[in-house]
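Coordinate analysis (summary)
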Amino acid sequence: MNKYRSHKCNELRHKDVGNKVLLAGWINKKRDHGNLLFIDLRDNYGVTQCIIDKENKNFSILEKIQLETVIRIEGNVIDRSNDTINKDLDTGEIEVVIESFDILGNCKELPLPVFSDQEYAEEIRLKYRFLDLRRKKLHENIILRSKVISFIRNEMIKMGFLEFQTPILTSSSPEGARDFLVPSRLNPGKFYALPQAPQQFKQLVMVSGFDKYFQIAPCFRDEDARADRSPGEFYQLDLEMSFVEQEDIFDIVEKLLVKTFKNFSSKKLMFEKFPRISYANSMMKYGTDKPDLRNPLIIQDVTEIFLREDVKFDIFKKLINSGSKVRCIITKNTKNKPRSFFDNIDKWAKDQGASGLAYFTFEKEQEISAKGPVGKFFSSEALKEIMKKTNAENGDSIFLACSKEEELKKITSLAREKIARDLDLIDENLFAFCWIVDYPMFELDDKTKKIVFSHNPFSMPQGNINEINFNKPLDIIAYQYDIVCNGIELSSGAIRNHIPELMYKLFSIAGYDKKIVDKKFTGMINALSYGAPPHGGIAPGIDRLIMLLANEKNIREVTMFPMNQNAQDLMMNAPSYINEDQLKDLGLFLKVKK
RNA sequence: GGGGGUGUAGCUCAGUUGGUUAGAGCGAUCGCCUGUCACGCGAUAGGUCGAGGGUUCGAGUCCCUUCACUCCCGCCA
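Residues numbered from 1 in each chain as written. Chains lettered and ligands numbered in written order. Predicted model: local features only at pLDDT ≥ 70, side-chain atom pairs only at ≥ 80, totals over all residues. Heavy atoms only, no water.

1. Some details on the layout of surface pockets
- Approximately 1,200 Å³ is the volume found for the second largest pocket.
- Lining the second largest pocket are 42 residues, and of these R134, R135, K136, K137 and E140 sit closest to its centre.
- Elements with a contribution of two residues or more to the lining of the second largest pocket: β1 (20-32), β2 (36-42), β3 (47-53), α2 (122-127), α3 (129-132) and α4 (136-158).
- Of all the elements, α4 adds the most residues to the lining of the second largest pocket, at six residues. (1 Å grid on protein atoms, 1.4 Å probe; cavity = no way out; pocket = protein on both sides within 12 Å on 5 of 7 lines; lining within 4 Å. Points joined across faces, edges and corners; volume = space filled by probe spheres on them. Helix = DSSP H or I, 4+ residues; strand = E, 2+ residues; numbered from the N terminus.)

Here is the structure:
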């Protein structure tokens, strides 16, 4: 028999009454009645109430013992009387009368209570992560994470994918995020980079003839953190397949995600066949390429109407003449909303850095009229035209924003979310997946006005290769796609460009000549020249996927040992200074003073 | 790099218009209590009010600087 325990803390039932048992775990909670002491003993699996009275020689020691001390108890299982059964506990029908006990691990005074639902300062939680992880919510999130990953792994294997590991020390690439760099001792002055994703390796796996690859892959990007973005490192379900078209990938991923979300959440899926929305369409209707489809509001362009003679909205007219556009959001049946509802949204828009949101409500007595601060600028005819164009009805309201394209997308996209939240239009019990497809191959860099890859430089352009007009690079559409769920970007993927000549051509448009491509992407370009299969893939973000399943707003809540916003591990004290010998070994010296 | 929020006891927080000795709950310590499951009751200890500077007769409170944590923008193919 195991020397520490005969049962786990969730196991004992009425049938065990009369047996002598060994239990080991943490002291979750004590209730001291002076001559009678209750101890809730907790382990990974559950809680068992243990009891001791002052007749026992151990009573006074146990009475004084700190919470979270690890003990082993030996005792007898007894029934609880009917009125003391605890239905909230798996083991609530019994309790264990303590005969003897040992302390297995002492505990100092706690910096944060483990038994509590209270929230705590992030700093303390991260420094004492091992205590935080004992707490119910976080403990369960991490267990969920483990189960989801096992499930995904099984499903992938069932679908014929092979799991491979790819290097962690690799080479820096010029595209994408900032790299984490590792100095090479054997090659002084040279650096490895940690992979931002196993992108090139997984394509090389395809060229190597393995057909279907996946990996729960760590990815490293040295960029600033957000609530849904860990600083430094995160995990992707990286996958790649040979001899496939876009729809083959969609089919696999839809199956996997539908199964996973049905298995691990009670929330409903809005679509089991995810809608395909083109990038251009998404930008128009939602102002973003990660739309939350639970939100019924859409953005519409009404620029033309503001050019009419019978619309006297001079500020907008002026802006339109200097290149701005007008977009609107219609809200259904909001005529009875108080003035404060509209003004709050206008004020909110100003706080976001926009010039505000104009608004009015369509009303009808004899004629259609507009109620609201800017209503007077519109003739009845013009209002009818707006209603026709936007499908607005009597009693609906309209929010209007006017500015240059980029700014306009940003504010209308945010306003769409803000207004829907204020009107409580978003069903929190839904998952709304969609595919965003047809991304442009290139885009114009705002600052430099140069043409850059808009997503992945290895994506395949759409259409017949011989008919692509390289003189209009901004019009080239790629087989590039994202999965979005509830407004969160879950993954990004593409059918890859496996034709070297085409690759050189596309890189040259982005300003990389053949020599640079040969040098920076040696392995890839070389491999594509020796018989590369057409292939494509995608990489759903594991952490975000689990955030959605665990219903968490912050990625730290589903990460076992996260770093803080400044990319520091407060528990392990990373990053840290290294000693002179280590620097010397690497051929480095520091310019920055410690 | 920029903007917002927070910082008061071990933990979670309150602290009014600048005014006596900075409070509460949980936790800790001590005492009472044999059926609790957020046990109850009583007492005690515990404070560089994030740090530094300034205004003032007087600063937790007002001003300036700075630090930490956090959210957002930039950034994230």
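2. Examining the environment of K290
- Within the fold, K290 resides in the loop between α7 (279-286) and β13 (299-301).
- Note: C-alpha distance between K290 and W435 (145 residues apart in sequence) is 9.4 Å.
- When residues no more than four places from it in sequence are discounted, the contact partners of K290 are V484, G487 and E489. (Contact = heavy atoms within 4.5 Å.)

3. With respect to helix α10 (residues 380-390)
- By the burial criterion, the buried members of α10 are S380, A382, L383, I386, M387 and T390. With its buried residues spanning 160 degrees around the axis, α10 presents them on a single face.
- In this structure, the buried residues of α10 make contact with β13, β14 (325-331), β15 (358-364), β16 (368-371) and β17 (397-403).
- Remark: N391 follows α10 within two positions and exhibits a positive phi of approximately 60 degrees. (Buried < 20%, exposed > 50% of the residue type's maximum accessible area, 1.4 Å probe, protein only. Arc of directions from axis to C-beta.)

4. Side note on the protein's contact with RNA strand B
- Surrounding RNA strand B, one finds 51 residues, the nearest of these being K29, D32, N35, H455 and N554.
- Between a base oxygen of RNA strand B and a side-chain N or O atom of Q49, the distance comes to 2.9 Å.
- Measuring from a phosphate oxygen of RNA strand B, one finds a side-chain N or O atom of N554 at 2.4 Å.
- Counting residues per element, the ones that place at least two in the surface near RNA strand B are β1, β2, β3 and α2. (Near = heavy atom within 4 Å. Polar contact = N/O pair within 3.5 Å; in protein donor to acceptor, adjacent residues only side chain to side chain.)

5. A word on the pattern of salt bridges
- Overall, the coordinates contain 47 salt bridges when judged by the stated rule.
- Between D228 and R544 there is a salt bridge, with the nearest N and O atoms lying 3.8 Å from each other. With a gap of 316 residues between them, D228 in the loop between β9 (212-221) and β10 (232-242) and R544 in helix α15 (residues 542-550) connect regions that are remote in the sequence.
- Across the pair D518 and K514 runs a salt bridge, and its minimum N-O distance is 3.5 Å. Residue D518 and its partner K514 are located together in helix α13 (residues 514-520), separated by four residues, close to a single helical turn.
- Three or more residues joined by partner-sharing salt bridges are found here, namely D301, K325, R327, E405, E406 and K409. (Salt bridge = Lys/Arg side-chain N within 4 Å of Asp/Glu carboxyl O.)

6. What to know about empty space enclosed by the protein
- Taken as a whole, this structure holds two cavities of 30 Å³ or more when the rule is applied.
- Of the voids in this model, the largest cavity is the one considered here, and its volume is about 60 Å³.
- Taken together, A225, R226, R229, S230, P231, I555, R556, T559, P562, M563, N564 and Q565 make up the lining of the largest cavity.
- Tallied by class, the residues present in the lining of the largest cavity amount to five nonpolar, four polar and three charged.
- The volume enclosed by the second largest cavity comes to roughly 50 Å³.
- Along its surface, the second largest cavity is lined by T166, P167, I168, P195, P198, F201, Q215, A217 and P218.
- The element best represented in the lining of the second largest cavity is β9, accounting for three residues.
- Looking at the lining of the second largest cavity, its residues break down into seven nonpolar, two polar and no charged. (Nonpolar A, V, L, I, M, F, W, Y, C, P; charged D, E, K, R; others polar.)

Limitation: the analysis is restricted to geometry and does not speak to function.
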